[in-house]
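# Structural characterization, general
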Amino acid sequence: MPYKKIDPSKKDDIQEIVKQIFTEYLIEHKQRKTPERYAILEKIYSIKGHFDIETLSELMKKDFRVSRATIYNTLELLIDCNLIIKHHFFTEIIHYEKTYNNIHHHLICTHCHSIKEFTDESIKKTIRSKPLGGFAVTNFTIYAYGLCAKCSKALKNKDVNKRQ
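Residues numbered from 1 in each chain as written. Predicted model: local features only at pLDDT ≥ 70, side-chain atom pairs only at ≥ 80, totals over all residues. Heavy atoms only, no water.

Under the definition given, this model contains three aromatic pairs. An angle of 75° between the planes, with centres 5.8 Å apart, marks the rings of F22 and Y38 as edge-to-face. A residue pair is termed long-range when its members are at least 10 positions apart, and F22 in helix α1 (residues 11-28) and Y38 in helix α2 (residues 35-44) qualify at 16 residues. Relative to Y96, the ring of F51 has its centre 5.8 Å away and its plane inclined at 25°; by these criteria the two rings are stacked. Residue F51 is located in the loop between α2 and α3 (53-63), and its partner Y96 is located in strand β2 (residues 95-98); the two are separated by 45 residues in the primary sequence. As far as the burial class goes, F51 and Y96 line up, both buried. Positioned above the aromatic ring of Y38 is the side chain of K19, whose terminal nitrogen or guanidinium carbon lies 5.4 Å from the ring centre. (Phe/Tyr/Trp six-rings, centres within 6.5 Å; stacked < 30°, edge-to-face > 60°. Helix = DSSP H or I, 4+ residues; strand = E, 2+ residues; numbered from the N terminus. Buried < 20%, exposed > 50% of the residue type's maximum accessible area, 1.4 Å probe, protein only. Lys NZ or Arg CZ within 6 Å of the ring centre and 35° of its normal.)

This next bit is on the nonpolar core. The tendency in soluble globular proteins is for nonpolar side chains to be buried as a group. Counting residues in hydrophobic clusters, the biggest one holds 27 residues, and the most contacted among them are F22, I44, L56, I71, L75, L78 and L83. Counting residues per element, the ones that place at least two in this core are α1, α2, α3 and α4 (68-80). With near-sequence residues (within four places) excluded, L75 lies in contact with I44, F51, I53, L56, I84 and Y96. (Core = buried A, V, L, I, M, F, W, Y, C linked by side-chain atoms within 4.5 Å. Contact = heavy atoms within 4.5 Å.)

Turning to the packing of α2 against α4, a few remarks are in order. Helix packing geometry: the angle between the two helix axes and the distance between the axes. Between α2 and α4, the least distance of the axes is 10 Å, while the angle of their chain directions is 70°. Considering their axes alone, α2 and α4 lie roughly perpendicular with respect to each other. Like other packed secondary-structure pairs, α2 and α4 cross with a definite hand, here right-handed. For the pair formed by α2 and α4, the contact residues are E36, R37, I40, L41 and I44 on the first element and T70, I71, T74, L75, L77 and L78 on the second. In the contact of α2 with α4, the residues fall into seven nonpolar, two polar and two charged. (Axes fitted to C-alpha atoms, helices over the stretch in contact; angles between N-to-C directions. Parallel < 35°, antiparallel > 145°, perpendicular 65-115°, else oblique. Left-handed = near helix turned anticlockwise from the far one by under 90°. Nonpolar A, V, L, I, M, F, W, Y, C, P; charged D, E, K, R; others polar.)

On the surface, a nonpolar cluster with roughly 290 Å² of combined accessible area is contributed by F90, Y143 and Y145. Within the fold, Y145 resides in strand β5 (residues 143-146). (Patch = residues over 30% accessible without salt bridge, like charges linked within 9 Å, V, L, I, M, F, W, Y side chains within 5 Å. Areas by Shrake-Rupley, 256 points an atom, 1.4 Å probe, with all protein chains shown as cover. Salt bridge = Lys/Arg side-chain N within 4 Å of Asp/Glu carboxyl O.)

This part is about empty space enclosed by the protein. The final tally for this structure, using the stated rule, is one cavity of 30 Å³ or more. Lining the largest cavity are I85, H87, E97, K98, T99, N102, I103, H104, N139, F140 and T141. Of all the elements in the fold, those that place two or more residues in the lining of the largest cavity are β1 (84-87) and β2. Of the residues that constitute the lining of the largest cavity, the class distribution is three nonpolar, six polar and two charged. (1 Å grid on protein atoms, 1.4 Å probe; cavity = no way out; pocket = protein on both sides within 12 Å on 5 of 7 lines; lining within 4 Å. Points joined across faces, edges and corners; volume = space filled by probe spheres on them.)

What follows is the structure, encoded as structure tokens:
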């Protein structure tokens, strides 16, 4: 079934499309279509940026009673159907992020562990136009590690002070 054209600025259109994708996935994989799973999906697609299991659990408590096991299981289903991605940054805490209509990249400071997101149309075009031996790209992100401007400046000042 073809998806209707969406306006990326219209949150309701995206919610409708990800719900349709998730429903098709659940049917294809003979999984139950429960209100809890759809509530989790809707909550995730209302979050701006990265989130962890604690944040999602707290947000869910405000609107919908759902067990932690249901949250974990639903996250695995959403990863499997490419609606969210799992990030392992610097801590043991796993971060998640919605992926539909959300291609961007990450600048990660190795000193303060800050994460800045950026988009670049030329990177998107390059990845999409690159023949990858039959590999079908469903989503992608680039992680660039280095020093943020603040840490770079602080470390440079520290080095200057040491030499004096």
